[in-house]
Amino acid sequence: ILVSKPNRFNQALVFDSGLSDCHKMINISTKLPAPKREPRKIVYRSFKRFDETAYKVDVEHIPFHVAHVFEDVNDVAWFHEKLFLEVIETHAPLKRKTLKKDSVPFMNSEWRKVIHRRNQLRNRFYKIRNQYNWNEYRKMRNLATKLGRQSEINYFRERSMSTNPNEFWKTFKPYLSGKCKNDTNNISLRENDCIISKPVEVSKVFNSYFEKIADNIGTPDHFGNEIANDHVLSAIETHADHPCIKKIETLFPSPEIFKFRKVSSNEVFKSLKKVNVKKSKGYDNISPYFLKTAANELAGPVSNIVNMYIDEYVYPDVYKKNEIV
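Model, not experiment: these values are computed from the prediction.

Conventions adopted
- Residues numbered from 1 in each chain as written.
- Predicted model: local features only at pLDDT ≥ 70, side-chain atom pairs only at ≥ 80, totals over all residues.
- Heavy atoms only, no water.
- Salt bridge = Lys/Arg side-chain N within 4 Å of Asp/Glu carboxyl O.
- Buried < 20%, exposed > 50% of the residue type's maximum accessible area, 1.4 Å probe, protein only.
- Patch = residues over 30% accessible without salt bridge, like charges linked within 9 Å, V, L, I, M, F, W, Y side chains within 5 Å.
- Areas by Shrake-Rupley, 256 points an atom, 1.4 Å probe, with all protein chains shown as cover.
- Helix = DSSP H or I, 4+ residues; strand = E, 2+ residues; numbered from the N terminus.
- 1 Å grid on protein atoms, 1.4 Å probe; cavity = no way out; pocket = protein on both sides within 12 Å on 5 of 7 lines; lining within 4 Å.
- Points joined across faces, edges and corners; volume = space filled by probe spheres on them.
- Core = buried A, V, L, I, M, F, W, Y, C linked by side-chain atoms within 4.5 Å.
- Expected span 1.5 Å × (residues − 1).
- Arc of directions from axis to C-beta.
- Contact = heavy atoms within 4.5 Å.
- Axes fitted to C-alpha atoms, helices over the stretch in contact; angles between N-to-C directions.
- Parallel < 35°, antiparallel > 145°, perpendicular 65-115°, else oblique.
- Left-handed = near helix turned anticlockwise from the far one by under 90°.
- Nonpolar A, V, L, I, M, F, W, Y, C, P; charged D, E, K, R; others polar.
- Phe/Tyr/Trp six-rings, centres within 6.5 Å; stacked < 30°, edge-to-face > 60°.

1. A few points about the pattern of salt bridges
(1) Moving on: A complete count under the given rule lists seven salt bridges for this structure.
(2) Moving on: When the shortest N-O distance is used, the salt bridge between Asp-317 and Lys-320 registers 3.4 Å.
(3) Moving on: Judged by its relative accessible area of 52%, Lys-320 falls in the exposed class.

Here it is as structure tokens:
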């Protein structure tokens, strides 16, 4: 058999099946190797030189009022975010780094040096395959295995005898429960006979699946031509006799007219102080910590811009963005 990728095929097996006098049966198995996972890269903010007092002073002097020279609400929201991000970038700049796979908890310096030497000898043996290089690599490989086992035994032996319950639980919990932190980057999918492991491609496959999962559920609304131009009125007219609508009218015979009310700076201040700083940042890389820390300085500008949205009956497009993880 002539193939372009020999590593995709295992050794063939030829045998007499008894089905033919002149042809033997050829059996060959193929394998689909999973692609090597790319290192995970993250973006984070550096708080190495962050000064909370200086940060509050700079936020207080942000000229948010300049954003109101724009007539479009979307432009005002964009400029507000830009001014705020400039201050954040000054005090906590964005950094990028590549995450390495975490070492086992029982790793030590001696074992790490032997592993490094073992890898060197293995690479040398792959380049020059002779008996001497093989023996040197084999000795170091066995030594690395021995040190690894001994290090693991000592690690668990010391912590199993510990009188500190917290230390004992942290040591053995990953081996007793599946709720511990896992490597979320180890996701591989088989899609159309291809192995997908890149996070971006994996997320696209999931997104496409859940985007179409409800396509065949329910039936589309068919509105009359007389009010087809107004979808809200069309929906009200079409579902006027729906059981749910009738039930609501029975429970609330005279509903009040809903209307947004404007917010005060004090309400905004209380909301910002309740922000959970442990929550992750969004696509804009603005951590909840920056909002809560400068709650007093942001209360006035945020209440002004929110009231502007209420007056204009517009929800800015910049706030409609979403992040799929």
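2. Quick word on a nonpolar patch on the surface
(1) Moving on: Together, Ile-1, Val-3, Phe-9, Val-14 and Ile-26 line one region of the surface with nonpolar side chains, adding up to about 470 Å² of accessible area.
(2) Moving on: Position of Val-14 relative to the elements: it lies in strand E1 (residues 13-15).
(3) Moving on: Classification of Val-14 as exposed rests on a relative accessible area of 52%.

3. As for the layout of surface pockets
(1) Moving on: By volume, the second largest pocket amounts to about 890 Å³.
(2) Moving on: Considering the residues around the second largest pocket, the lining is formed by 29 residues, among which Val-302, Ile-305, Val-306, Tyr-309 and Tyr-319 are closest to the centre.
(3) Moving on: At the level of elements, helix H2 (73-91), helix H10 (288-293) and helix H11 (295-312) are the ones that each hand at least two residues to the lining of the second largest pocket.
(4) Moving on: With seven residues, the top contributor of residues to the lining of the second largest pocket is H11.

4. What to know about the nonpolar core
(1) Moving on: Ranked by size, the top nonpolar core spans 26 residues in total, and within it Tyr-55, Val-59, Ile-62, Phe-84, Ile-88, Phe-290 and Leu-298 carry the most contacts.
(2) Moving on: Those elements giving two or more residues to this core turn out to be helix H1 (52-60), H2, helix H9 (265-273) and H11.
(3) Moving on: At eight residues, the largest contribution of residues to this core is made by H2.
(4) Moving on: Core analysis: the second largest hydrophobic core is formed by 12 residues, Trp-111, Leu-121, Tyr-155 and Phe-156 among them.

5. A closer look at the environment of Arg-122
(1) Moving on: Structurally, Arg-122 is set in helix H3 (residues 109-127).
(2) Moving on: Sequence separation between Arg-122 and Met-140 is 18 residues; the distance between their C-alpha atoms is 9.2 Å.

6. Regarding unusual backbone geometry
(1) Moving on: The backbone of Asn-285 sits at a positive phi, close to 60°, despite the residue not being glycine.
(2) Moving on: Here Asn-285 lies in the loop between H9 and H10.
(3) Moving on: According to the relative accessible area criterion, Asn-285 is buried, its value standing at 19%.
(4) Moving on: Despite not being glycine, Tyr-313 shows a phi value in the positive range, around 55°.
(5) Moving on: In this structure, Tyr-313 sits in the segment after H11.

7. Some thoughts on H3
(1) Moving on: Its 19 residues give H3 an end-to-end C-alpha distance of 28 Å, which sits within 8% of 27 Å, the value for a rise of 1.5 Å per residue.
(2) Moving on: When H3 is considered as a whole, its buried residues turn out to be Trp-111, Val-114, Ile-115, Leu-121 and Phe-125. Looking straight down H3, one finds its buried side chains confined to an arc of 130°; they lie on one side. Opposite the buried face of H3, at more than 90 degrees from it, the exposed residues are Ser-109, Lys-113 and Lys-127.
(3) Moving on: Turning to H3, the residues buried within the fold contact helix H4 (131-160).

8. Some remarks on the packing of H9 against H11
(1) Moving on: Running from amino to carboxyl end, H9 crosses H11 at an angle of 130°, the nearest separation of the two axes being 8 Å. Our classification of the angle between H9 and H11 gives oblique. Handedness of the H9/H11 crossing: right-handed. Note on element contacts: H11 touches H9 through Ala-295, Asn-296, Leu-298, Ala-299, Gly-300, Val-302 and Ser-303, opposite Ser-265, Val-268, Phe-269, Leu-272 and Lys-273.
(2) Moving on: Looking at the contact of H9 with H11, its residues break down into seven nonpolar, four polar and one charged.

9. As for the packing of aromatic side chains
(1) Moving on: Counted by the stated rule, this structure contains 21 aromatic pairs.
(2) Moving on: Arranged with centres 6.0 Å apart and planes meeting at 55°, the rings of Phe-106 and Tyr-155 form a pair that is tilted. Remark: Tyr-155 occurs in helix H4 and Phe-106 occurs in the loop between strand E4 (94-99) and H3; sequence separation between them is 49 residues.
(3) Moving on: Judged by relative accessible area, which is 9%, Phe-106 ranks as buried.
(4) Moving on: Owing to a relative accessible area of 13%, Tyr-155 belongs among the buried residues under this scheme.

10. Focus: the packing of H1 against H2
(1) Moving on: As a packed pair, H1 and H2 sit with axes 10 Å apart at the nearest point and diverge in direction by 160°. It follows that H1 is roughly antiparallel to H2 by the angle criterion. Judged by the sense of rotation from one axis to the other, the crossing of H1 with H2 is right-handed. Where H1 approaches H2, its residues Ala-54, Tyr-55, Asp-58 and Val-59 are matched on the opposing element by Phe-84, Val-87, Ile-88 and His-91.
(2) Moving on: For the contact of H1 with H2, the class distribution of residues is six nonpolar, one polar and one charged.

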